[in-house]
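# Structural characterization, general
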Amino acid sequence: KSVVDLLTKSQLDQVEFETLITTLKKDIDSVNFTLNNTLQWSMSQLGGFKVKAAEFNLRHTIDNSLKLLESSFKEKSLGVVNKLDEEVVVFADPDLIEVAVRNILNNAAKFSYAGSFISIFCEKTNDHVHMCIEDQGVG
């Protein structure tokens, strides 16, 4: 907000703004991520949350979360190895799975050693899909 305030008050020129835009985007993405998680949690606590299960492509959910957290991975030079099959379809609440995946990936980025890898894969059994997000960090 302070960067935008400085720009609107003409206290920040275009060149200075362009150097800060990457940091600004990262901060906005982080606030948006936290706000969405907080809203999901508060709805579940107030009893207004209902599970809406449906079939969806798990790979697409993972890919979307990876895009949102891309700056966190780049900041620590983390590699991501996504071994999920393009056609993994699951039956669950897509919004809940997305929040869970984003939280796990965010924690993996936060606690991984710089320059290490995060691996994403799944194992299918008869009627279950077990997804694994493995990092090389603390804990």
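Computed from a predicted structure; not experimentally measured. (Residues numbered from 1 in each chain as written. Predicted model: local features only at pLDDT ≥ 70, side-chain atom pairs only at ≥ 80, totals over all residues. Heavy atoms only, no water.)

## Side note on the layout of surface pockets
- Looking at the largest pocket, its volume works out to about 300 Å³.
- Mapped by element, the contributors of at least two residues to the lining of the largest pocket are α2 (14–45), α4 (70–75) and α5 (94–111).
- By residue class, the composition of the lining of the largest pocket is 4 nonpolar, 6 polar and 6 charged.
- Space inside the second largest pocket adds up to approximately 200 Å³.
- Looking at the second largest pocket, it is lined by 13 residues, and the ones nearest its centre are Leu58, Val90, Ala92, Ile97 and Val129. (1 Å grid on protein atoms, 1.4 Å probe; cavity = no way out; pocket = protein on both sides within 12 Å on 5 of 7 lines; lining within 4 Å. Points joined across faces, edges and corners; volume = space filled by probe spheres on them. Helix = DSSP H or I, 4+ residues; strand = E, 2+ residues; numbered from the N terminus. Nonpolar A, V, L, I, M, F, W, Y, C, P; charged D, E, K, R; others polar.)

## Quick word on the packing of α2 against α5
- At a minimum axis distance of 11 Å, the contact between α2 and α5 shows a crossing angle of 130°. By the angle between their axes, α2 is oblique relative to α5. Here α2 runs over α5; the crossing is left-handed. Between α2 and α5, the contacting residues are Phe33, Asn36, Asn37 and Gln40 on the first element and Asp95, Val99, Arg102, Asn103 and Asn106 on the second.
- Considering only residue class, the contact of α2 with α5 consists of 2 nonpolar, 5 polar and 2 charged. (Axes fitted to C-alpha atoms, helices over the stretch in contact; angles between N-to-C directions. Parallel < 35°, antiparallel > 145°, perpendicular 65-115°, else oblique. Left-handed = near helix turned anticlockwise from the far one by under 90°. Contact = heavy atoms within 4.5 Å.)

## Looking at the sheet that holds strand β2 (residues 79–82)
- The strand order across the open sheet built from 3 strands is β2-β4-β5, with neighbouring strands paired in mixed fashion. The two strands at the open ends of the sheet, each matched to only one other strand, are β2 and β5 (129–135). In this sheet, adjacent strand axes meet at a mean angle of 15° when their direction is disregarded.
- Note that β2 and strand β4 (residues 117–124) share 4 bridges and pair parallel. If you follow Gly79 over to β4, its bridge partner there is Phe117.
- Across the sheet, α5 touches β4 and β5, and the angle it forms with β5 is around 20°. (Pairing = 2+ DSSP bridges.)

## Details of the nonpolar core
- The biggest cluster of nonpolar side chains holds 19 residues, and the ones touching the most others in it are Leu58, Ile62, Phe73, Leu105, Ile118 and Ile120.
- Counting only elements with at least two residues in this core, the list comes to α3 (58–68), β3 (89–92), α5 and β4.
- In terms of residues, this core owes the most to one element, α5, which gives 4 residues.
- Residue contacts for Leu58: discarding those within four places in its chain leaves Leu84, Val88, Val90, Ile97, Val129 and Met131. (Core = buried A, V, L, I, M, F, W, Y, C linked by side-chain atoms within 4.5 Å. Buried < 20%, exposed > 50% of the residue type's maximum accessible area, 1.4 Å probe, protein only.)

## Thoughts on α5
- With 18 residues, α5 extends 26 Å between its outermost C-alpha atoms, agreeing within 8% with the 26 Å of an ideal straight helix rising 1.5 Å per residue.
- Every buried residue belonging to α5 is among Val99, Val101, Arg102, Leu105, Asn106, Ala108 and Ala109, and all of these are buried.
- Packing partners of the buried residues in α5 comprise α2, α3, α4, β4 and β5.
- Capping the start of α5 is the job of one residue whose side-chain oxygen sits 2.9 Å from the backbone nitrogen of Asp95: Asp93. (Expected span 1.5 Å × (residues − 1). Polar contact = N/O pair within 3.5 Å; in protein donor to acceptor, adjacent residues only side chain to side chain.)

None of this, on its own, says anything about what the molecule does.
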